[in-house]
Amino acid sequence: MANGLDFLANGVVSNNLLLFQALGLFALTRYTRDSLTAVKAGLGILLSMVTATVVLWGVNQWIPASFGLELPVLLLIALCSSFLWQKILGGSKWVEGFDYSLTSGLLNTAIVGALLLSLNDGVAGSALVSYGFSAGLGLGLALVVLAGIRERLEMAPVPKALQGVPILLISAGLLAMALMGFRF
Amino acid sequence: MGVVKRFLQGIFSENPVLFLMIGLVPAIGVTHLAVNGLFVGITTTAVVLAALIVGLILTKVVPNEAQSFLYLALLAIFTTLAHRILVVAYPEIVVGLGMYFPLMVVYGFGLLKASLVNNPIESVAKGLGTGIGFTIILTLVGVIREFLGAGEIFGKTILELDMQIFSLASTVPGGFVILGLLMALINAITKKGGEING
């Protein structure tokens, strides 16, 4: 990948973490009940992901290549970045009442997954931050779009068995299939 | 509540994938092959149970506020151990799982938290039930996706067709649709509404 635009196209469309890697599904099922919650969750994840990749950029050269030591370091970075933004956003008026709890921050596979993917893809240096920003933006946009679809579906005559998460997953699948036509 | 009830609760009424919406990442990310679903299910159950048992033993010496971190650290240790052992025994499967294997720490944490109740013995029973319930659903989704996407089940050809029934079932978008439809089917059978708990 040559430049930031490539990262952006990959992160938002062709390798969207939520739609094509099935990461961040905890946020999909919890934070898409309305668009505003989805925007807040997307913002929290985006900021956490950028922070995590900035830290990873700083410590990358000291992480041993073996799986045994790589995982705890990545976990610690993901944990600290999500905890930091939970504290900052939790205290701001704009996100008052938003359940960005420690548990949900910890449970976010998207942040740990993005860090693992960036290392697997050999992304290094400042490109890590572009990678994190694109991945976080892609995930946030997918959450907002799916929240919009979910809001519309609440007014539609959906059979009882399909209501809630089942129809949300099917919608996510169909959205991903539509985006497969735009893979770069 | 008794030990048996807790065990059954983890498999049926509080199945992590179908009703608690925990472990959806591996349920969609790795189940394009049935063997992956079975492998991840069994490994996750073993890792979560090991972390749960050691965590419950250490609970008395660790403050309440730090218990989440204790469980997370234990999960990281046991996942790393499992990786070291299984990459030698089943290299093809472990390499094929890619990042979803180390992610076991994160989705395993959700399963572990769902297993914790007031009584330690009941927690272990529920943890075992939750792990078995998780394994059953991952394997079931894997069997359906592998059959529809490749005409095979556990690598054995069932249908030899020029074009598969639903080729997209092997991809992540297809996984979303198959899991959504399976949840709807279970909801229709159990007469539940489909809304998430909590």
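Note: the structure precedes this text.
The paragraphs below set out a description of the structure included in this document. Please read these numbers as outputs of a predicted model, since none were measured by experiment.

### Considering the overall build of chain B
For chain B, the helix and strand inventory stands at eight helices and two strands. N-terminal to C-terminal, the α/β element order of chain B is α-α-α-α-α-α-α-β-β-α. A globule of 198 residues ought to have a C-alpha radius of gyration of about 16 Å, and chain B, at 17 Å, matches this closely. Reported as C-alpha extents along the three principal axes, the dimensions of chain B are approximately 60 × 45 × 25 Å. Every one of the 198 residues in chain B was classed for burial, and the buried ones make up 55%. Nonlocal contacts in chain B, meaning residues at least 24 apart in sequence, comprise 68% of its contacts between residues at least 6 apart. Accessible surface, chain B as shown: approximately 8,600 Å² in total, 70% of it carbon and sulfur. Taken together, the 10 basic and 9 acidic charged side chains of chain B have centroids lying 14 Å from each other.

### Side note on the packing of aromatic side chains
Scanning the model with the defined rule gives three aromatic pairs over all chains in all. Both rings, one in A:Phe7 and one in A:Tyr131, keep their centres 6.0 Å apart while their planes meet at 80 degrees; by these two values the pair is edge-to-face. Of this pair, A:Phe7 sits in helix α1 (residues 4–14) while A:Tyr131 is found in helix α8 (residues 127–154), placing the two residues 124 residues apart along the sequence. Look at B:Phe39 and B:Tyr90: their rings are 5.7 Å apart centre to centre, the planes differ by 75 degrees, and that puts the pair in the edge-to-face class. One end of the pair, B:Phe39, is in helix α3 (residues 34–58); the other, B:Tyr90, is in the loop between α4 (67–89) and α5 (91–97), with 51 residues separating them in the sequence. Since its relative accessible area comes to 44%, B:Tyr90 is described here as partly exposed.

### Remarks on helix α7 (residues 109–120) of chain A
Note that an α-helix has 3.6 residues per turn; residues three or four places apart therefore point the same way. All names here are of chain A. Between its first and last C-alpha, α7 extends 16 Å over 12 residues, near the 16 Å set by a 1.5 Å rise per residue. Of all the 12 residues making up α7, 11 are buried; the element is thus mostly covered by neighbouring parts of the structure. Positive backbone phi, approximately 75 degrees, marks Gly122, located one or two places after α7.

### Here we look at the interface of chain B and chain A
How big an interface is tends to be stated in terms of the accessible area lost upon association of its parts. Taken together, the contact between chain B and chain A spans 45 residues of the former and 45 residues of the latter. Taking both partners together, chain B and chain A bury about 3,600 Å²; carbon and sulfur atoms supply 78% of that area. Inspection of the region where chain B meets chain A yields zero salt bridges. At the level of secondary structure, the elements contributing two or more residues to the side of chain B that touches chain A comprise α2 (24–29), α4, α6 (104–115) and α8 (172–190) of chain B. No other element matches α8(B), which puts 12 residues into the side of chain B that touches chain A.

### Points about the side chain of B:Thr44
Residue and element names in this part refer to chain B. Here Thr44 is to be found in helix α3. Polar contacts involving the side chain of Thr44 include one to the main-chain carbonyl oxygen of Val40, which spans 2.5 Å. Those residues in contact with Thr44 that sit more than four places away from it in its chain are Met104, Tyr107, Gly108, Leu111 and Phe134.

### As for the packing of α3(B) against helix α7 (residues 120–150) of chain B
Residue and element names in this part refer to chain B. Axis separation between α3 and α7 bottoms out at 7 Å; the angle between their running directions is 170 degrees. Taken together, α3 and α7 sit at an angle that is classed as roughly antiparallel. In this structure, α3 crosses over α7, and the sense of that crossing is right-handed. Tallied by class, the residues present in the contact of α3 with α7 amount to 16 nonpolar, 10 polar and one charged.

### Structural notes on a nonpolar patch on the surface
There is a patch of nonpolar side chains on the surface, built from B:Leu33, B:Val35, B:Leu38, B:Ile42 and B:Phe154 and spanning about 380 Å² of accessible area. Looking at where B:Leu38 falls in the secondary structure, it is placed in helix α3.

### Describing the environment of B:Ala114
Of note, B:Ala114 is situated in helix α6. Discounting chain neighbours no more than four positions away, the residues touching B:Ala114 are B:Leu20, B:Ile22 and B:Lys126.

The rules behind the values
- Residues numbered from 1 in each chain as written.
- Chains lettered and ligands numbered in written order.
- Predicted model: local features only at pLDDT ≥ 70, side-chain atom pairs only at ≥ 80, totals over all residues.
- Heavy atoms only, no water.
- Helix = DSSP H or I, 4+ residues; strand = E, 2+ residues; numbered from the N terminus.
- Rg over C-alpha atoms; globule rule 2.2 N^0.38 Å.
- Buried < 20%, exposed > 50% of the residue type's maximum accessible area, 1.4 Å probe, protein only.
- Contact = heavy atoms within 4.5 Å.
- Areas by Shrake-Rupley, 256 points an atom, 1.4 Å probe, with all protein chains shown as cover.
- Lys, Arg positive; Asp, Glu negative; His and termini not counted.
- Charge placed at Lys NZ, Arg CZ, Asp CG, Glu CD.
- Phe/Tyr/Trp six-rings, centres within 6.5 Å; stacked < 30°, edge-to-face > 60°.
- Expected span 1.5 Å × (residues − 1).
- Buried area = accessible area lost by both parts, 1.4 Å probe.
- Salt bridge = Lys/Arg side-chain N within 4 Å of Asp/Glu carboxyl O.
- Polar contact = N/O pair within 3.5 Å; in protein donor to acceptor, adjacent residues only side chain to side chain.
- Axes fitted to C-alpha atoms, helices over the stretch in contact; angles between N-to-C directions.
- Parallel < 35°, antiparallel > 145°, perpendicular 65-115°, else oblique.
- Left-handed = near helix turned anticlockwise from the far one by under 90°.
- Nonpolar A, V, L, I, M, F, W, Y, C, P; charged D, E, K, R; others polar.
- Patch = residues over 30% accessible without salt bridge, like charges linked within 9 Å, V, L, I, M, F, W, Y side chains within 5 Å.

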